[in-house]
Amino acid sequence: MIVLASIGLMHYLLVGAALFSAGVVTVLARRNAVAILIGIELMLNAANVNLVAFDRFGPGTMDGQIFTLFVFVIAASEAAVALAIIINVFDSTDRIDVDEIDALKG
Amino acid sequence: MSDATLLYLCIAIVAAPLVGFVLQYAFGRRLPRQGDWLTVLTIGVSLACSIVLFLHVLGQPEGYSTVLGPWTWLEPGDGAAWTVGITLDGLTAVMLVVVSLVAFLVHVFSMGYMQGDPKYWLFFAWLQMFSVSMLILVLANNLLHLFMGWELVGLCSYKLIGFWSEKRDPANAARKAFITTRIGDLGMVLAIMVIASVCGTFDFDAIFAKVASGEFSGPWLTAAGLGLFLAAVGKSAQMPLHVWLPDAMEGPTPVSALIHAATMVAAGVYLIGRMMPMMTPEALIVVAVIGAVTALMAGLIALCQNDIKKVLAYSTCSQLGYMFLGLGVGAWHAGLFHLTTHAFFKALMFLGSGSVIHGMHHEQDMRHMGGLWGKMRITSVTFLIGVLAIAGLPFVTSGFFSKDGILSGAWNAEPVLFWIGLVAAVLTAFYMMRLFVMTFMGAPKSEKAEHAHESPKSMTMPLVLLAVLAVCAGWGTWHSKLLSPPALDTVGSLAFEHVGTVVILASAAGIGGLLLGLFVFFKNAEHVPDWKKPFRALETAFANKFWFDELYRIAVLRPSYRLAGLFRVVDSAGVDGIVNAVGSSGVDSSKKSGWFDKYVVDGLVKLTGGICQFFGAGISLLQSGKVRLYLSLSVGAVALVLLLERLL
Amino acid sequence: MLSLLVFLPVAGALLCCALPAKHARSVNVAFSGLALLISIAVWQQMDLSAGGYQLQQQAVWIEAVGINYHVGIDGVGLALVLLTTFVSFVSAIASWNIDKLQKGYHMLFLMLLTGMLGVFVALDLFLFYVFWEIMLLPMYFLIGIWGGPRRHYAAIKFFLYTLFGSVLLLAAVILVVLKCDTWSIPQITALARQALEAGDAGGILGSVGLSLAAFIAMFIGFAVKIPSFPFHTWLPDAHVEAPTPISMILAGILLKMGGYGLIRIAYPFFPQAAIDSGLVITIISVIAIVYGAFVAMAQTDFKRLIAYSSVSHMGFVTLGLAAGTERGINGAMYMMLAHGTISAMLFMIVGVIYDRAHHRDIDRFGGLAWVMPKYFVLASLAFFASLGLPGMSGFVAEITTFVGAFDGPYRSWAIAALVGLVITAAYYLITLQKVYLGSTPDAYKDPVKYPDASKRELAVLVPLIAVTIYMGIIPSTVMDMYKGFIQTDLVPVLKAALETAGKAMG
């Protein structure tokens, strides 16, 4: 019987792990570039959950929260860049399926 | 007069024409009458100041000499101070008057002669500068200062001889004059080097003091003296550097008058006269011999010239030879006195020939003249006076007094030189009479001669004045006071004297030459005289000027050009070639090392590359370009790492 | 102050970068002019009677090996700095009609100016060498990009020759520094003097042979720049190909660096070796004077002729130096300054006619005097200045050098050099006649194609001729500027060395 009141570190980690797994699966399974981007966002946020959790149960120096804020900023800018790339790729190739975009083949 | 007044006068003498030159050069073209009045005015100021100075010096006791300045110009090190300053003594005073007077008259004469020339204004500008240069030279109290005037004289002669340098011959003549005198200038530079090294100063008085005290003596002193004489030989057109003078007749006739009477050629005689105390006996022998030889040979050449100006040119050579003969045998006074009198009668004759040429519409060949006596009365009469003066008509003309002084000096020193001088005197009278008869007597020998006309007043007035001077300059004792020689022990007496025998012989020579000329030519004045047949070979030699020009062309000019051409080839093929050969031998060795490079070094490099390529080809399969493959691989790899960590 | 002077042109170069290309030439003229003004201000600030290096600035640069940023100036440096800024300024004006890649040209021009000024004020050997090399690169590009048809060949030749010289120079410098343990030029000079006064013939390197070797290496290094026979062949090629303003700078300033190097470094560092090799240097100089003049006479290319006349005239510099007398070295120095302005003028004269005719073949010209009278007056003034007419700077230089050389140990060689005077007169007058006198060929009669000198050209030539005449009439202003160093520092040392040499011989 799980006691709701005693939510501990483990619970947060489990949520984080779940989110991360979902992200990985999305990234690997989907072929739509936008979907892959969403998967990446999921993984980042999984990490955020973990960071906040560790801070809450750790030394309490607010380090984790600050890291998280940084991650938000980075995620935002990364999304902006990635979306710009995707739009440009789409514009020039008319495709959004990553399997079909293999111009970098060695 | 105080020193300050003298100084201002001297400065005015140089500054007036200098200002004239600058103004005329800059604005002359736009001035009314193209500025001839300006230049005549400035040279007139010079003349007036010169006369004042002349009278001042004449009023002083004999042997008067004063130095104004000197002012330091440059201190080039070793404690030496190079100065500029002014010497004022009898010699300077005489030269100042001669130069400014002749220059003034030439200016006036040119107003008529050069009328209508497109570069009328420019001609006057350079005449001014010519006078300035010569006046600087005459006033100098040290050798370096003198040398500056000397070189400027060279520049101006270049500009004026080549005044019509859009034509080929004047340009060549100007160049020849400059370069020939430049060869002489080497001697001057040599003398300057020696004097600077030994004396540390160029001041005449200081140099002479060192010579007198024996501090400056020996071979270097002789060398310096000969160097100076070389310079004088160049400037005064003595053998063997006389070749430029006849060619210089390409210049406008007033310029010839100026060059021959007052400026350029006079500079050489003046230089030796001025530097007399440092001429060693050995050097003086050379001076006397060269002078005598030139007097004779130039006289011979003059016999066979048909161009009126060329006759006068060789006559100048010959007369200058006289002056050097005088200086060389110690007749210092007579030599310089002859310079003065010669300036007057030679200026007279050159301007007279200018007047003839003007009247004949630029015809210079005497064979086409004749019969001008009635048509150009003033010119003819004044010219005749000039002829008599140069021939030395006894007891009247100035030429007699000065020439006699030189011959007396030669008589006392060395009879051989005297006889050479005497022969030259006969020759002078003879060819001058020939010139006069061919030009003025008999019947006109060409269309132009028949229509000849007398020149305007601006041209005849100078002739009259000069004719008066050509006669009167020898009268009185002014010259023995002003040209009192420096006291010297290197040569015997420098005093002026007339030896009885010489007076008789010289008179006979002059009159005899004139009469002979009259006899030979007047009789044949109708046609070109043919008296020379028996002396055909000699005549050829004279007419060809003893082949000096040809000799120089073969012995000096051609080798120089050849040498220059050779050096040019040497420079591009030799010097540059050697350097380039070093370079190309580098290329050569690099070709050999190239083989090694290509097969060994390069081989190794290529091998490495090949290996890399081989592996690269395999690995590049992984580079599929498929994003999902990459992601899968990385996730897989992370998982693998975690798994391994857990297992191990 | 000095640093400002040296680095101001760099600022100008940066400004060139920032502004549009059409303003580059204005920037160049403005900054060259500014440099000229500053150099005049430097002159005013200096107390020339005091002697020694003034307005010094020093900062540690590379501590580990004792290299300092050390600049200072004395009379010798000042005279050459003034020459540099002056000639650069007029050359900047002369550059006005360069139309290819203006931005780059004017930038490089200003960089070059920095390098040249730096050489004349550096008191640290390393700094000196750095500036020496800095100057090389802009010159390479200026010839190689803006030059004539064979510019690549000329630029590479120039570069290789000077680099060859630089390498020898560097080797000698390193040798000296290793031995003396300082990079400071004044200190090494003082050490050399001490060694000599102590009677140590080996000098600063402690060995006669080593000193001689180092001196020869330095001499060659500088002689390439002068350029002395037989290292002179790069000069005609470089001049012929270089654009006019660059020729002016090359002849007017760059060649002077060789002479400056000898006066400032080679001679004071190795007085004994310098005196010992005096005869060789004298002979080389006489060959340069006479041979250069002869080769000039045979040229048909106007610019080549002027280039060879430079070889001939720069022979006077080494001639005066080799004599080791005060008058000789003063004359040599004066020759550098006189030649600096006169040769710049001569190259401009050639440039003017090349701009119009697009060829430089002397034999094809004629009668230009009647088409372009103003230009002819300036040209003949330049010619006569160069052949040593009194009243212009060349005369003072030649006479002083000759007197000094005659005063030295090699009298007869000085006399032999006199021949050069005649040949010089000959080739200048021949050229004057061929190009300007005589009748005008029809090709040159068109006043539209052959206009008289323009305002810009006059603005270049008139200041140059004015300075030349000023230096000829009142030479003491300039000579008093620099003779202090020669009188108190250089000649006594050389005299002492001469005595030592005499003892060794006796």
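Residues numbered from 1 in each chain as written. Chains lettered and ligands numbered in written order. Predicted model: local features only at pLDDT ≥ 70, side-chain atom pairs only at ≥ 80, totals over all residues.

1. Observations regarding the overall build of chain B
Along chain B, the regular secondary structure elements total 24 helices and 2 strands. Residues classed as buried in chain B amount to 55% of the 648 residues present. (Helix = DSSP H or I, 4+ residues; strand = E, 2+ residues; numbered from the N terminus. Buried ≥ 20, exposed ≤ 12 C-beta atoms within 10 Å, placed from the backbone.)

2. Considerations on the overall build of chain A
Tallying secondary structure elements over chain A gives 3 helices and 0 strands in all. Helices (α) and strands (β) of chain A occur, in sequence order from the N terminus, as α-α-α. Taking 106 residues into account, the globule formula puts the C-alpha radius of gyration at 13 Å, and chain A, at 18 Å, lies well above it. The burial tally for chain A puts 13% of its 106 residues in the buried class. In chain A, of all internal contacts separated by at least 6 residues, the share reaching a separation of at least 24 is 47%. (Rg over C-alpha atoms; globule rule 2.2 N^0.38 Å. Contact = placed C-beta atoms within 7 Å.)

3. Quick word on the confidence of the model for chain B
Do not read the fine detail of predicted coordinates wherever pLDDT is low. The predicted model of chain B averages 80 in pLDDT, with 89% of residues at 70 or higher. At the level of chain-chain contacts, confidence expressed as ipTM amounts to 0.87, with global pTM at 0.80. (pLDDT = per-residue confidence, 0-100.)

4. Some thoughts on the pairing of strand 1 (residues 65-77) of chain B
Residues and elements named next belong to chain B. Pairing geometry for strand 1 and strand 2 (residues 80-89), over 8 bridges, is antiparallel. What sits directly across from Val67, in strand 2, is Thr87. Two successive antiparallel strands, strand 1 and strand 2, enclose a turn made up of 2 residues, where Asp78 displays a positive phi of approximately 55°. (Pairing = 2+ DSSP bridges.)

5. Regarding the packing of helix 1 (residues 2-18) of chain C against helix 2 (residues 24-45) of chain C
Residues and elements named next belong to chain C. One can describe the packing of helix 1 onto helix 2 by two numbers: an axis separation of 9 Å at closest approach and a directional angle of 175°. Judged by the angle between their axes, helix 1 and helix 2 are roughly antiparallel. Taking contact as the criterion, the partners of Leu2, Leu4, Leu5, Leu8, Pro9, Gly12, Leu15 and Cys16 in helix 1 are, on helix 2, Ala24, Val27, Asn28, Phe31, Leu34, Ala35, Ile38, Ser39 and Val42. Looking at side-chain class alone, the contact of helix 1 with helix 2 contains 14 nonpolar, 3 polar and no charged residues. (Axes fitted to C-alpha atoms, helices over the stretch in contact; angles between N-to-C directions. Parallel < 35°, antiparallel > 145°, perpendicular 65-115°, else oblique. Nonpolar A, V, L, I, M, F, W, Y, C, P; charged D, E, K, R; others polar.)

6. A word on the interface of chain A and chain B
In this assembly, 11 residues from chain A lie in contact with 10 residues from chain B. Of the residues that constitute the side of chain A that touches chain B, the class distribution is 6 nonpolar, 1 polar and 4 charged.

7. Examining the interface of chain C and chain B
Interfaces are frequently sized by the accessible area removed from exposure as the parts join. Each partner contributes residues to the interface: chain C has 44 residues there, and chain B has 38 residues. Among the elements of the structure, helix 12 (278-297), helix 14 (326-357), helix 17 (393-407), helix 18 (411-416), helix 19 (419-436) and helix 21 (476-505) of chain C are those that each provide at least two residues to the side of chain C that touches chain B.

8. Overview of the nonpolar core
Grouped together as the largest cluster of nonpolar side chains are 430 residues, with contacts concentrated most on Val102, Ile192, Ile272 and Ala347 of chain B. If we skip the residues at most four places from it in the chain, Ile192 of chain B touches Leu143, Leu144 and Phe147 of chain B together with Ile399 and Val403 of chain C. Counting residues in each nonpolar core, the second largest holds 5 residues, with Val27, Ala33, Ile36 and Val98 of chain A among its members. (Core = buried A, V, L, I, M, F, W, Y, C linked by C-beta atoms within 7 Å.)

9. Thoughts on helix 14 of chain C
Every α-helix carries 3.6 residues per turn, so stepping three or four residues along brings you back to the same face. All names here are of chain C. Relative to the 46 Å expected for 32 residues at 1.5 Å per residue, helix 14 spans 46 Å between its end C-alpha atoms, a close match to the ideal helical length. Along helix 14, the sharpest change in direction is near 25° and occurs at His339. When you tally the buried positions in helix 14, you get 28 out of 32 residues, the bulk of the element. Once helix 14 finishes, His358 follows within two positions and takes phi at roughly 60°, a positive value. (Expected span 1.5 Å × (residues − 1). Bend = angle between axes of the 7 residues up to and from the residue.)

10. Observations regarding the environment of Ala298 of chain C
Looking at where Ala298 of chain C falls in the secondary structure, it is placed in the loop between helix 12 and helix 13 (302-323). Residue classification places Ala298 of chain C among the buried residues on the basis of 21 C-beta atoms within 10 Å.

11. A few points about helix 11 (residues 264-274) of chain B
Here helix 11 of chain B lies mainly inside the structure; 11 of its 11 residues are buried. Here helix 11 of chain B has its buried residues at Met264, Val265, Ala266, Ala267, Gly268, Val269, Tyr270, Leu271, Ile272, Gly273 and Arg274 of chain B.

12. Some remarks on the environment of Thr233 of chain C
Residue and element names in this part refer to chain C. Within the secondary structure layout, Thr233 lies in the loop between helix 8 (208-225) and helix 9 (234-241). Judged by C-beta crowding, with 22 C-beta atoms within 10 Å, Thr233 ranks as buried. Between the C-alpha atom of Thr233 and that of Met481, which follows or precedes it by 248 residues, the distance is 33 Å.

13. Here's the deal with unusual backbone geometry
Cis geometry marks the peptide bond from Met239 of chain B to Pro240 of chain B; its omega dihedral reads 0°. Its location among the elements puts Pro240 of chain B in the loop between helix 8 (219-235) and helix 9 (244-247). Residue Pro227 of chain C follows Ile226 of chain C across a cis peptide bond; omega there is -15°. Along the chain, the position of Pro227 of chain C falls in the loop between helix 8 and helix 9. Phi at Met62 of chain A is positive, roughly 70°, even though this residue is not glycine.

14. A look at the environment of Ile67 of chain C
Residues and elements named next belong to chain C. Take Ile67: it is sitting in strand 2 (residues 67-73). The exposure class of Ile67 is partly exposed, given the 19 C-beta atoms found within 10 Å. The contacts of Ile67, once residues within four sequence positions are left out, are Trp61, Ile62, Asp124, Phe126 and Trp183.

15. A short note on the packing of helix 16 (residues 373-386) of chain C against helix 19 of chain C
Residues and elements named next belong to chain C. For the pair helix 16 and helix 19, the least separation of the axes is 10 Å and the interaxial angle reads 170°. Relative to helix 19, the element helix 16 is oriented roughly antiparallel. In this structure, helix 16 contributes Phe376, Ala379, Ser380, Phe383 and Ser386 to the contact, and helix 19 contributes Tyr428, Leu432 and Tyr436. Counted by class, the contact of helix 16 with helix 19 contains 6 nonpolar, 2 polar and no charged residues.

16. Digging into the pairing of strand 1 (residues 54-62) of chain C
One ladder, built from 6 bridges, connects strand 1 of chain C with strand 2 of chain C; its direction is antiparallel. Across the sheet, the residue bridging to Gln58 of chain C is His70 of chain C, located in strand 2 of chain C.

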